[in-house]
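Listed below, chain by chain, are the residues.
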Amino acid sequence: MKDTDIRKYAELMKELGLTGLEVTDNNTKVRLERTVTTAVKETAYTVAAVPEEKQEKENSNYISIKSPIVGVFYAAPAENAAPYVKKGDRVKKGQTVCIVEAMKLMNEITAEEDGIISEICVTNGQVVEYGTELFKIEK
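In short, a report on the structure. Residue indices follow the written sequence of each chain, beginning from 1 at its first position. Thresholds applied to this predicted model are a pLDDT of at least 70 for local features of residues and 80 or more for the giving and counting of side-chain atom pairs; totals over whole chains, interfaces and linings are not thresholded and use all residues. Processing note: side-chain calculations cover all non-hydrogen atoms of the structure and skip hydrogens and water entirely.

**Side note on helix α1 (residues 3-16)**
Operational definition: For helices the rule is a DSSP run of H or I covering at least 4 residues; for strands it is a run of E covering at least 2, with both sets numbered from the N terminus onward. To estimate how far a helix should extend, the number of its residues minus one is multiplied by 1.5 Å.
Between its first and last C-alpha, α1 extends 20 Å over 14 residues, near the 20 Å set by a 1.5 Å rise per residue. Remark: Gly17 follows α1 within two positions and exhibits a positive phi of approximately 75°.

Have a look at this one:
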């Protein structure tokens, strides 16, 4: 396949707003992917500072489980299955609490310590970034 053909396909993707395209020509297969960036209106926020002592006291009773990868958060092992955990459930260290799918791989996320699920911070099917807080666990 010629580079001019590839450029035409890339332009077509941009025109149609596609993020992926796979083209097979004779025995040659080409997959094109692109990321779409959107302009975001900047908003300034003012945050009141909390004294460090108060922050430490508030946070000392909670453990945060954060996403180790970028992917899609799933609360259950299958679409119609019960979720791994619910608010108020007691979890043990090493227990699976959710799945984060990345590049068609299902990555089990486990509890790092024993505790009680006090908050589920994301919704099923939500795209999460590295470091996104998934759960708060009360010690």
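**Points about the sheet that holds strand β4 (residues 71-74)**
Inclusion rule: By definition, two strands form a pair when at least two bridges between them are found by DSSP.
Strand order across the open sheet formed by four strands is β7-β6-β4-β9, with antiparallel pairing between neighbours. Two strands lie at the open edges of the sheet, namely β7 (105-110) and β9 (127-128), each paired on one side alone. When β4 meets β9, the two strands line up antiparallel, connected through two bridges. Bridge pairing in β9 places Gly71 opposite Val128.

**Quick look at the pairing of strand β6 (residues 96-102)**
As a reminder of what qualifies: Note on classification: 1.4 Å probe, protein chains only; a residue is buried when its accessible area is under 20% of the maximum for its type, exposed when over 50%, partly exposed between these limits.
Most of β6 is tucked away: seven of the seven residues are buried. Note that β4 and β6 share three bridges and pair antiparallel. Residue pairing for β6: Phe73 is matched across the bridge by Val100. A loop of two residues connects β6 with β7, the two strands running antiparallel in sequence, and Met103 in this loop sits at a positive phi of about 55°.

**Thoughts on the environment of Thr24**
Within the secondary structure layout, Thr24 lies in strand β1 (residues 20-25). Once the C-alpha coordinates of Thr24 and Met1 are considered, the two residues, 23 residues apart in sequence, prove to be 9.3 Å apart.

**Examining the sheet that holds strand β10 (residues 133-138)**
Think of a sheet as strands paired side by side through backbone hydrogen bonds, with each pair either parallel or antiparallel. The strand order β3-β10-β8-β5 describes an open sheet built from four strands, whose pairing is antiparallel. Unpaired on one side and paired on the other, β3 (62-66) and β5 (90-91) mark the two borders of the sheet. Direction of pairing for strand β8 (residues 115-120) relative to β10: antiparallel, over a ladder of four bridges. Its bridge partner lying in β10, Ile116 is registered against Glu138.

**A short note on the nonpolar core**
Just so we agree on the cut-off: We call a set of buried Ala, Val, Leu, Ile, Met, Phe, Trp, Tyr and Cys residues a nonpolar core when their side-chain atoms join them within 4.5 Å. The criterion used for residue contact is that any of the two residues' heavy atoms lie within 4.5 Å.
By size, the foremost hydrophobic cluster in this structure holds 17 residues, and its most contacted members are Phe73, Val97, Leu134 and Phe135. Counting residues per element, the ones that place at least two in this core are β3, β6 and β10. The contacts of Phe73, once residues within four sequence positions are left out, are Cys98, Ile99, Val122, Thr123, Asn124, Gly125, Gln126, Val128, Leu134 and Phe135.

**Here's the deal with the pattern of salt bridges**
Note the threshold: Just to be clear on terms, a salt bridge is a Lys or Arg side-chain nitrogen sitting within 4 Å of an Asp or Glu carboxyl oxygen.
All told, the structure shown has one salt bridge when counted by the stated rule. The shortest N-O distance in the salt bridge between Lys136 and Glu119 comes to 3.7 Å. Note that Lys136 is positioned in strand β10 and Glu119 in strand β8, a separation of 17 residues in sequence. For Glu119, a relative accessible area of 35% corresponds to the partly exposed category.

Spatial relationships are all this shows, so hold off on functional conclusions.
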